[in-house]
Amino acid sequence: AARREARGMNPQNLSNTLYAYTRLAVEPDAPTWAALESVAERLARQMTQQEMTCTMFAFAAFKRMPEDVTWATFDAEVRRLAPSMTAQSVTTVLSAYATLGRVPE
């Protein structure tokens, strides 16, 4: 269902779906993950700090390195959102960077 609905998701739908997968400890299959990542790259510019945090948490939880264009978008949006991030969001996002072996730009 997530793959079928991915294209119509808004940022909250996407981040909630990704977070739900982490809570279930069930990694989406490859076609579903590809669909969700594609939507994540497209929606990242519209995300709130909480949505970006949940999205990055899911990528890290499944140790899934985003494609280069997706990562560049995430990195740019983290910089945009950083001033509004809560301490918990900062911790979660930095942990995602560390888990994925990246350094914030």
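One can find the structure itself at the top, above this paragraph.
Residues numbered from 1 in each chain as written. Predicted model: local features only at pLDDT ≥ 70, side-chain atom pairs only at ≥ 80, totals over all residues. Heavy atoms only, no water.

J.: What's the story with the overall build of the protein chain in this structure? I'm lost.
T.: When its secondary structure is counted, the protein chain shows 6 helices and 0 strands. Beginning at the N terminus, the succession of helices and strands in the protein chain can be written as α-α-α-α-α-α. Radius of gyration (C-alpha) of the protein chain: 12 Å, near the 13 Å computed for a compact globule of 105 residues. A total of 105 residues make up the protein chain; the buried ones form 47% of that total. (Helix = DSSP H or I, 4+ residues; strand = E, 2+ residues; numbered from the N terminus. Rg over C-alpha atoms; globule rule 2.2 N^0.38 Å. Buried < 20%, exposed > 50% of the residue type's maximum accessible area, 1.4 Å probe, protein only.)

J.: When you look at the pattern of salt bridges in this model, what are you seeing that I'm missing?
T.: Pairing between side chains of opposite charge can happen when the charged atoms of each approach one another. Taken as a whole, this structure holds 6 salt bridges when the rule is applied. Across the pair Glu5 and Arg4 runs a salt bridge whose closest N-O atoms are separated by 3.2 Å. What makes Glu5 partly exposed here is its relative accessible area of 43%. Using a relative accessible area of 63% as the deciding quantity, one classes Arg4 as exposed. A salt bridge links Arg79 to Asp75, with the shortest nitrogen-to-oxygen separation between them at 2.9 Å. (Salt bridge = Lys/Arg side-chain N within 4 Å of Asp/Glu carboxyl O.)

J.: Quick question: what am I supposed to make of the packing of aromatic side chains here?
T.: Working definition: an aromatic ring pair is given by the centre-to-centre distance plus the angle between the planes. Throughout the structure, instances matching the rule amount to 5 aromatic pairs. Relative to Phe62, the ring of Trp33 has its centre 5.9 Å away and its plane inclined at 85°; by these criteria the two rings are edge-to-face. In this pair, Trp33 sits in helix α3 (residues 30-43) while Phe62 sits in the loop between α4 (49-61) and α5 (68-81), placing the two residues 29 residues apart along the sequence. For Trp33, a relative accessible area of 3% translates into the label buried. (Phe/Tyr/Trp six-rings, centres within 6.5 Å; stacked < 30°, edge-to-face > 60°.)

J.: Would you take a moment to explain α3 for this structure?
T.: In an α-helix, one turn spans 3.6 residues; hence positions three or four apart end up facing the same way. When the terminal C-alpha atoms of α3 are compared, their 20 Å separation across 14 residues agrees well with the 20 Å that a helix rising 1.5 Å per residue should span. Residues of α3 that are buried: Thr32, Trp33, Ala35, Leu36, Glu37, Val39, Ala40, Glu41 and Leu43. For α3, the secondary structure elements touched by its buried residues are α1 (2-5), α2 (11-24), α4 and α5. (Expected span 1.5 Å × (residues − 1). Contact = heavy atoms within 4.5 Å.)

J.: In this structure, what is going on with the side chain of Thr73? I would like to understand it.
T.: By the element assignment, Thr73 lies in helix α5. Residue Thr73 is classed as buried on the basis of its relative accessible area of 7%. Within polar-contact distance, the side chain of Thr73 engages the side chain of Glu41 at 3.1 Å. Apart from the residues lying within four places of it in its own chain, the contact partners of Thr73 are Glu41, Ala44 and Arg45. (Polar contact = N/O pair within 3.5 Å; in protein donor to acceptor, adjacent residues only side chain to side chain.)

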